[in-house]
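Residue-level structural notes
Okay, here's what each chain looks like letter by letter:
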Amino acid sequence: MPPRVPAPTAVVTGGASGIGLATTTRLLDDGWSVVVGDLNAEAGARALDAAADAGRADRLAVVPCDVTEESDVEALVATAVERFGGLTCMVNNAGVPGAFGAVEETEVDDWDYTFAVLVRGVFLGTKHAVRAFGTTGGGAIVNVASIAGLSGGGGPVAYSAAKAAVISITKSTAVELAPRRVRVNAVAPGPVLTPILGDGEARLARAAETLRTTQPWPDPGMPEDVAAAIAFLAGPDARFISGDTLIVDGGQTASGPAEAMNRLADPRARGIAGVSRGSTGQAGELRRVSS
Ligand SMILES: NC(=O)c1ccc[n+]([C@@H]2O[C@H](COP(=O)([O-])OP(=O)(O)OC[C@H]3O[C@@H](n4cnc5c(N)ncnc54)[C@H](O)[C@@H]3O)[C@@H](O)[C@H]2O)c1
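First, a word on what this report is: a plain description of the structure on this page. (Residues numbered from 1 in each chain as written. Predicted model: local features only at pLDDT ≥ 70, side-chain atom pairs only at ≥ 80, totals over all residues. Heavy atoms only, no water.)

Considerations on the overall build of the protein
- Along the protein, the regular secondary structure elements total nine helices and ten strands.
- For a compact globule of 291 residues, the expected C-alpha radius of gyration is about 19 Å, and the protein comes in at 18 Å, within 12% of that figure.
- C-alpha extents for the protein along the principal axes are approximately 70 × 40 × 40 Å.
- The contacts of the protein with a sequence gap of at least 6 include a subset with a gap of at least 24, amounting to 71%.
- By element, 54% of the accessible surface of the protein is carried by carbon and sulfur atoms, the whole surface being about 13600 Å².
- The positive charge centre, built from 24 side chains, and the negative charge centre, built from 32, are 4 Å apart in the protein. (Helix = DSSP H or I, 4+ residues; strand = E, 2+ residues; numbered from the N terminus. Rg over C-alpha atoms; globule rule 2.2 N^0.38 Å. Contact = heavy atoms within 4.5 Å. Areas by Shrake-Rupley, 256 points an atom, 1.4 Å probe, with all protein chains shown as cover. Lys, Arg positive; Asp, Glu negative; His and termini not counted. Charge placed at Lys NZ, Arg CZ, Asp CG, Glu CD.)

Okay, here's the thing in structure tokens:
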């Protein structure tokens, strides 16, 4: 009998919802083992149930994790090594909308929270993945950025700045880690129908309708569309690709994103500010401000 080759293993942060969940499902479909780290325990339990229904629970671990906490991220990577024998790819995906509203109404704590999740989380995921790769030789990292990090009109100031930082981290670490055969790439999605766009079917249906008229591609982006790009960058077909940011937006960047994002829900025009903690299960805050 030929020796059993262990399945490649990925860690997916924020893997219990939206793009992260679609990536987890896609990688499981492709034969990977996956460790999901997510702050939302209920969503994590649902992901585990779905994997069990599909007969794949043995290749999925769900670990409660806050990507802003170094010990949590370290434990996440350790789970991949201990349970599945190593780490092949780190998907730094966890995210929240973070601080929104006019820049002069943005609280420092909300700004720092946004950067902690979106930037410190990517740094910590990278740091501990690289340590794990050190023991196995080579690996891949895929960071989930956003087209908001590419222009001035795609999102709130803190979110856009944080996503620009993710694109920058992707380039610098790709250069630093190439000699060790670690590839680092990012995907930059446009608006994609996930809970991050707002709670509830009606909200997503409205977003879908808006996107049909404000982006070149007639269908709205789905989490599976981004998962396919992540799976490509994670796998061997991308073996000579590093330092790239792959735009996945139905042509929106080519046409300019500002109009669509503003029509979705510009809080500045609505005279509100605050912070959204996304689908973490934690309460956000909303303030009315004079416009
Ligand atoms: N959906 C879009 O339109 C869109 C567009 C561009 C980029 N993105 C990016 O894609 C990524 C995934 O977003 P999504 O749309 O799937 O959203 P989502 O809300 O469906 O999923 C995000 C997941 O991240 C988890 N999370 C948040 N903070 C965390 C933390 N501190 N530690 C661990 N887990 C945490 C949440 O619990 C949730 O399960 C994010 O980085 C987001 O910024 C999304």
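Focus: the packing of aromatic side chains
- Using the criterion set out here, one finds one aromatic pair in the structure.
- An angle of 15° between the planes, with centres 5.1 Å apart, marks the rings of tryptophan 111 and phenylalanine 115 as stacked. Separated by four residues within a single helix, tryptophan 111 and phenylalanine 115 lie in helix H4 (residues 108-136), roughly one turn from each other.
- Judged by relative accessible area, which is 30%, tryptophan 111 ranks as partly exposed.
- Here phenylalanine 115 falls in the partly exposed class, since its relative accessible area comes to 22%.
- The positively charged end of arginine 277 is found above the aromatic ring belonging to tyrosine 113, 4.4 Å away from the centroid. (Phe/Tyr/Trp six-rings, centres within 6.5 Å; stacked < 30°, edge-to-face > 60°. Buried < 20%, exposed > 50% of the residue type's maximum accessible area, 1.4 Å probe, protein only. Lys NZ or Arg CZ within 6 Å of the ring centre and 35° of its normal.)

So far we have only geometry, and geometry alone does not tell us how the molecule works.
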